[in-house]
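Observations on the model geometry
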Amino acid sequence: MSHSKKLIQMPEFSSMSNLEKLILGGCVSLIEIHPSIGVLKKLTTLDLRWCVKLKGLPSSIINLDALVVLNLFGCSSFDKFPEIQGNMRSLKELYLDMTAIRELPNGIDLESVEILDLKFCSEFEKFLENGANMKSLKQLYLNNTAVKELPTGIANWESLSILDLSDCSKFEKFPEKVGNMKSLKKLCLNNTAVKDLPDSIGDLEYPEVLDLSDCSKFKKFPEKVGNMKRVKKLRLSNTAVKDLPDSIGDLEYLEVLDLSNCSKFEKFPEKVGNMKSLKKLRLNNTVVKDLPDSIGDLEYLDVLDLSDCSKFEKFPEKVGNMKSLKLLRLNNTAVKDLPDSIGDLQYLEVLDLSHCSKFEKFSEKVGNMKSLKELRLNNTAVKDLPDSIGDLENLEVLDLSHCSKFEKFPEKVGNMKRLEVLRLNNTAVKDLPDSFGDLEYLEVLDLSDCSKFEKFPEKVGNMKSLVELRLNNTVVKDLPDSIGGLENLEVLDLSHCSKFEKFPEKVGNMKRLKVLRLNNTAVKDLPDSFGDLEYLEVLDLSDCSKFEKFPEKVGNMKSLVELCLNNTVVKDLPDSIEGLENLEVLDLSHCSKFEKFPEKVGNMKRLKVLRLNNTAVKDLPDSFGDLEYLEVLDLSDCSKFEKFPEKVGNMKSLVELRLNNTAVKDLPNSIGDLESLLILDLSDCLKFEKFPEKVGNMKSLKHLWLQNTIVKGLPEAGDNIGEVIREESNGNHLKGSDDSKADAVEEEPQYESLKKSCCWIF
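Attention now moves to the overall build of the protein. The helix and strand inventory of the protein stands at 2 helices and 31 strands. Whereas a compact globule of 762 residues would reach a radius of gyration of roughly 27 Å, the protein reaches 37 Å, over 25% beyond that. Seen through its principal axes, the protein has C-alpha atoms that stretch 95 × 75 × 50 Å. By sequence separation, contacts in the protein at least 24 residues apart represent 36% of the contacts at least 6 residues apart. Of the roughly 33,900 Å² that the protein leaves accessible, carbon and sulfur atoms contribute 42%. The protein carries 107 positive and 129 negative side-chain charges, and their two centres are separated by 2 Å.

Right under this line is the structure:
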């Protein structure tokens, strides 16, 4: 009967005496259980989870002799548990998690219970005083409750294997005598207020997990822990511990030791060679200065994290025995170099030295690190790499970004067949070796902001996997013709390459190119083959002050979404521009020589933003009225623009229309049908005399600027317009200032894109 959402009350149970399981989970309207439930002598499972309106159970529940599982998980209104004594000897699992219960009755008999779950009972404060009778208890979950302490009788819970008190923010003191808890395997005290543990904790020989992470007041670990032979995971992260006892070295089964973010931890124990099973050692964000030589004997260690240890200066000399090490993080440390023995770590996969500002020299012998996949040296002081770096045949990521002193890449890199990502941005490299062309799996090559980089290798046609090539802010003048063979290239960035003049003629094979940025370059034109880039989505030529002519045949660029030609010297666009049916943004702003927009634009159905401000256009073709998805049309500061198209009623999506500082005298009546228009700016149109008569459909209009026009008034229909800011003047500034414009746009957060597009924001 689970999830019967309309069930309010259960009927009498007297006719169901043989019922063994009653599943009512998710009956969100159920308020009470009929008292006759006590007749169900064979009932083994009562599942009431997520009965959110159920407040209690009838006292007759004590007669359920065979009940094994009682589940009240998620009964958020359930706040009082009945007294159960004697008869419920079969009860093994009691789930009260996420209920409103504050306590368990003192007379309750839970001697047979093996699992007691009270997690997320935020009102539960006090555990049973007679807890000593819970001899069968194996799992106790009190996490996220308000308990402050446990009864002393806990020491007699010999069967308990899991005790979870995590996130009990008021829990301060663990009982002194716990030595008899012989079966305890998992003790979770993380995010509690405990300051220490009793010495008797060291007598627990079977615990496998001890979690004290995020116990910010925990300062001292017990001295004698040598008997805890089977502990596998010890989590002390985000505690106030300063050191560990020497006996920690005897934990021969320990696999995980986490001391991360222990900001006061200074010294790692000297003798750790017996910790033969240790796999993960996390010391990141501590104040350790060094590690003992015995660390080199941890032959099963696969993760060693020392990242953000700002005082760590020297790595141990002998690390060759750490044969299993896969991940070594030393980023943001004070290390200057690594020992030659680092080259013997043949299973190392990740080596991170990023932001080690004092690190100058990489080890010469790295050729044996055959498993290395990721090498991060970014933001270091390295000047070069050894030739042996070319033998790292499994390397996938090499990051040297922001290494301002790095000048020369090794000549022979052809063996780095699996290299996928190479970051050299913000380095002092001037060129790359010819062997780069053999990196057939390279996907990302970043040379951005390499202010001395002049020449790209000639033969790059074999780099068939290259997806992203960034050369922005370099001094390259051209690209080799072989660049056209990069058939998987998706992003090519040459922005701010002020010396780049000529794009290669044959680019038709770059079929997957999606983003091409040429803004702020010296290019004058593009080859005709550009029209074949059918997957190109973004083409940015903004601020190319010498760019004069857009290619004639661009109709095949069906995927183009954004075309930026602002601040160029283009005079016109080819008629084929109308074939760009997916174009959403077209920016021609500040093209002072642009005079004429193509006649046929009706096929540009998806155009949303058109910027023509500060151009020499005089009018727009009638086909403009068919741009039904256009949201922003900016013609501001077009001093020669005189006439707005007559039929614009179909531009139902238009939100922003800027005609300020133009020569328009009037607007067509169809302007009144622009029902989505929010902003209409006609300010400083010195010849504008008359506002259209019929504007009643402009229900969304909130901001209308007419200052510095010669209109005498608004039509009566204007009273039906939404909350309009009417600013009218005969040549005089009105009550609305430019600052008031800025305030007005801030009131319209749904038009965030408009704020970025306005010259005058209101």
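The next thing to look at is the confidence of the model for the protein. Mean pLDDT over the protein stands at 88; residues scoring 70 or higher make up 92%. Scored below 50 in pLDDT, residues 722-762 shows 87 contacts in the model against residues more than four places distant or in partner chains.

Quick look at the packing of aromatic side chains now. Counted by the stated rule, this structure contains 12 aromatic pairs. Judged by centre distance (5.2 Å) and plane angle (65 degrees), the ring pair of F597 and F624 falls under edge-to-face. You can see F597 sitting in the loop between β25 (585-587) and β26 (609-611) and its partner F624 sitting in the loop between β26 and β27 (632-634), a full 27 residues away along the chain. F624 carries the same exposure label as F597, and that label is buried. One Lys or Arg, R230, reaches over the ring of Y253 and ends 6.0 Å from the middle of that ring.

A separate point is a nonpolar patch on the surface. Taken together, the side chains of W50, M98 and F120 present a nonpolar region at the surface, about 290 Å² in accessible area. Inspection of the secondary structure puts M98 in the loop between β4 (93-95) and β5 (115-117).

The next point concerns the pattern of salt bridges. Under the counting rule described, the total for this entry stands at 40 salt bridges. For the salt bridge of D97 with K119, the shortest nitrogen-to-oxygen distance reads 3.8 Å. With D97 in the loop between β4 and β5 and K119 in the loop between β5 and β6 (139-141), the pair connects residues that are 22 residues apart, well separated along the chain. For D97, a relative accessible area of 5% corresponds to the buried category. Taking the shortest distance from any N to any O, the salt bridge between D352 and R329 comes out at 3.4 Å. Of the two residues, D352 is situated in strand β15 (residues 350-352) and R329 in strand β14 (residues 327-329); the sequence distance between them amounts to 23 residues. Overall, the relative accessible area of 25% leaves R329 in the partly exposed class. Residues joined in a network through salt bridges with shared partners are D97, D117 and K119.

Summarising the element assignment, T333 is placed in the loop between β14 and β15. The buried category is assigned to T333, whose relative accessible area is 5%. From its side chain, T333 meets the backbone oxygen of L330 in a polar contact 2.6 Å long. Residues contacting T333, with those up to four places away along its chain left out, are L306, C309, F312, H355 and C356.

Quick look at the side chain of D47 now. Along the polypeptide, D47 turns up in strand β2 (residues 45-47). Only 2.9 Å separates the side chain of D47 from the side chain of R49, close enough to count as a polar contact. Excluding its chain neighbours within four sequence positions, the residues that come into contact with D47 are L22, I23, L24, G25 and N71.

Now for the pairing of strand β30 (residues 703-709). Most of β30 sits inside the fold, with 7 of its 7 residues counted as buried. Note: strand β29 (residues 679-681) against β30, 3 bridges, orientation parallel. In the sheet register, L680 faces β30, and the bridge partner there is L704.

Definitions and limits used
- Residues numbered from 1 in each chain as written.
- Predicted model: local features only at pLDDT ≥ 70, side-chain atom pairs only at ≥ 80, totals over all residues.
- Heavy atoms only, no water.
- Helix = DSSP H or I, 4+ residues; strand = E, 2+ residues; numbered from the N terminus.
- Rg over C-alpha atoms; globule rule 2.2 N^0.38 Å.
- Contact = heavy atoms within 4.5 Å.
- Areas by Shrake-Rupley, 256 points an atom, 1.4 Å probe, with all protein chains shown as cover.
- Lys, Arg positive; Asp, Glu negative; His and termini not counted.
- Charge placed at Lys NZ, Arg CZ, Asp CG, Glu CD.
- pLDDT = per-residue confidence, 0-100.
- Phe/Tyr/Trp six-rings, centres within 6.5 Å; stacked < 30°, edge-to-face > 60°.
- Buried < 20%, exposed > 50% of the residue type's maximum accessible area, 1.4 Å probe, protein only.
- Lys NZ or Arg CZ within 6 Å of the ring centre and 35° of its normal.
- Patch = residues over 30% accessible without salt bridge, like charges linked within 9 Å, V, L, I, M, F, W, Y side chains within 5 Å.
- Salt bridge = Lys/Arg side-chain N within 4 Å of Asp/Glu carboxyl O.
- Polar contact = N/O pair within 3.5 Å; in protein donor to acceptor, adjacent residues only side chain to side chain.
- Pairing = 2+ DSSP bridges.

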